[in-house]
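Architecture and fold: a report
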Amino acid sequence: MIDIHCHILPGLDDGAKTIEDSLAMARQAVSEGIDTIIATPHHRNGKYDNDRQTVLKAVQHLNEELNLAHIPLTIFPGQETRIHGDFLSGVEEATILPLNESSNYIFVELPSDQVPRYTKQMLFDLQVKGYKPIIVHPERNARLIQEPDSLYQFVQSGAYTQITAASMTGRFGKNIQKFTQQIIEANLTHLIASDAHNTTTRGFCVQHAYQEIEENYGPSMVYYFVENAKFVAEGQMLAADPPEPIKKKKKLFGIFG
Ligand code: FE
């Protein structure tokens, strides 16, 4: 199984700090049935910058260490880039790194509490240039929770999305869990990944999430997510059902008036 979003590279961001941390995360990943991870350190998020060359070097190093430690896990390069005004030039100048380098899938992270006005245009411009933007963890964006129609618009216009395993299991609270389910039910997501940062507070949770998905939506939904992660790594087209708008919550009138 492939995990396409993970902060396992040591010392680059708020994920693994040391190589020992990385190896501990790797062992947890293997115990969850993961054999391949796309390492996606933060980039341009105001705190961390990790351009293409930095990521490629760190991935090579971690793969060597995994070999020495006999841990059956392969790391592919990737990046989690925060949306910003120069995103397209970053892609053109190749400081921004598509997932597994040549897949043309690019992670786009929104700020946690807003959606910049230029988001839709930027997602469109990326596609015109032949890239396939994947919005990471839309379920954790406060604005999208309030205005889920924006998410529908983005997916309707060709963007993909990736939800977090721990959102499905309730780790981020009931609201985010509920919104995660609504996103799945409206065909507004294509991928699920751990976004693991460590082995404790932000671990993998992948098996638990798949168990929840199987209970709620059946084994075909698990298969859909597992296969799509593979398609991302291979640079193939993702499976996707036609997106639907999320119905607004009914307002309560009367006693709460
Ligand atoms: Fe992340």
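First, a word on scope: everything that follows refers to the structure included in this document. Every value quoted in this text rests on a predicted model; they were computed, and no experiment measured them.

1. Observations concerning the packing of aromatic side chains
Within this structure, the stated rule accounts for two aromatic pairs. Looking at K132, its charged tip hangs above the ring of Y105, at a distance of 4.2 Å from the centre. The ring of F172 has R140 sitting right over it, with the charged end atom 4.6 Å from the ring centre.

2. Quick notes on the pattern of salt bridges
By the definition in use, this model includes six salt bridges. K129 is paired through a salt bridge with E92; the nearest N and O atoms lie 3.2 Å apart. Linking K129 in the loop between helix 4 (119–128) and strand 7 (132–136) with E92 in helix 3 (residues 87–92), this pair joins segments that are 37 residues apart in sequence. Given a relative accessible area of 54%, E92 falls into the exposed group. Connected through shared salt-bridge partners, R140, D195 and R202 make up one network.

3. Remarks on the sheet that holds strand 3 (residues 42–43)
Spatially, 3-5-6-7-8-9 is the arrangement adopted by the six strands of the open sheet, whose pairing is parallel. A single partner strand is all that each edge strand has here, and the edge strands are strand 3 and strand 9 (191–193). Both strand 5 (residues 80–82) and strand 6 (residues 105–109) contribute to a ladder of three bridges, which runs parallel. Each residue of the ladder has a partner; that of R82, found in strand 6, is E109.

4. Topic: the nonpolar core
Within the largest apolar cluster, 61 residues are counted, with the highest numbers of intra-cluster contacts made by I8, L9, I37, L73, I75, F204 and F225. Look past the residues within four positions of L9 in its chain and what remains in contact with it is A16, S22, A39, P41, V55, A58, V59, L62 and I75. Of all hydrophobic cores here, the second largest spans 16 residues; its members include L99, Y105, V136 and V232.

5. Quick word on the pairing of strand 6
Of all five residues in strand 6, five are buried; the element is thus mostly enclosed. The two faces of strand 6 match: Y105, F107 and E109 on one face and I106 and V108 on the other face are all buried. This β-α-β element, strand 5 to helix 3 to strand 6, shows right-handed connectivity. The sheet contact formed by strand 6 and strand 7 spans four bridges and is parallel. From the neighbouring strand, Y105 faces strand 7, where its bridge partner is K132.

6. Concerning helix 2 (residues 52–68)
The terminal C-alpha atoms of helix 2 lie 25 Å apart, and with 17 residues this matches the ideal 24 Å at 1.5 Å per residue to within 8%. Listed in full, the buried residues belonging to helix 2 are R52, V55, A58, V59, L62 and L66. Take helix 2 and look down its axis: the buried residues cluster within an arc of 130°, on one side only. Exposed positions of helix 2 whose direction lies more than 90 degrees from the buried face are Q53, K57, N67 and L68. Considering only its buried residues, helix 2 is in contact with helix 1 (19–31), strand 2 (36–39) and strand 4 (74–77). One or two positions beyond helix 2, positive phi appears at H70, with a value near 55°.

The rules behind each value
All residue numbers refer to position in the chain's written sequence, counted from 1. Owing to the predicted nature of the model, reporting of local features is limited to residues with pLDDT of at least 70; listing and counting of side-chain atom pairs is limited to 80 or more, with chain, interface and lining totals taken over all residues. The basis for the side-chain values is all heavy atoms of the structure; hydrogens and waters are excluded. Ring pairs shown here join Phe, Tyr and Trp side chains whose ring centres sit within 6.5 Å, with only the six-membered ring taken for Trp; geometry is labelled stacked below 30 degrees between planes, edge-to-face above 60, and tilted in between. Criterion for a charge above a ring: Lys NZ or Arg CZ within 6 Å of the ring centre, and within 35 degrees of the ring normal. By definition here, a salt bridge exists when the distance from a side-chain nitrogen of Lys or Arg to a carboxyl oxygen of Asp or Glu is within 4 Å. Per the convention used, a helix needs a DSSP run of H or I reaching at least four residues, while a strand needs a run of E reaching at least two, with both numbered from the N terminus. Type-normalised accessible area, obtained with a 1.4 Å probe on protein chains alone, sets the label of each residue: buried when under 20%, exposed when over 50%, and partly exposed for intermediate values. By the convention used here, strands pair only if DSSP detects at least 2 bridges between them. The set of buried Ala, Val, Leu, Ile, Met, Phe, Trp, Tyr and Cys residues whose side-chain atoms join them within 4.5 Å is what this entry labels a nonpolar core. We call two residues in contact whenever any of their non-hydrogen atoms come within 4.5 Å of each other. Seen with its strands pointing away from the viewer, a crossover is right-handed if its path from the first strand over the helix to the second goes clockwise. In this analysis, the expected span of each helix is defined as 1.5 Å times one less than the number of residues it contains. The arc in question is traced by the directions running from the helix axis to the C-beta atoms.

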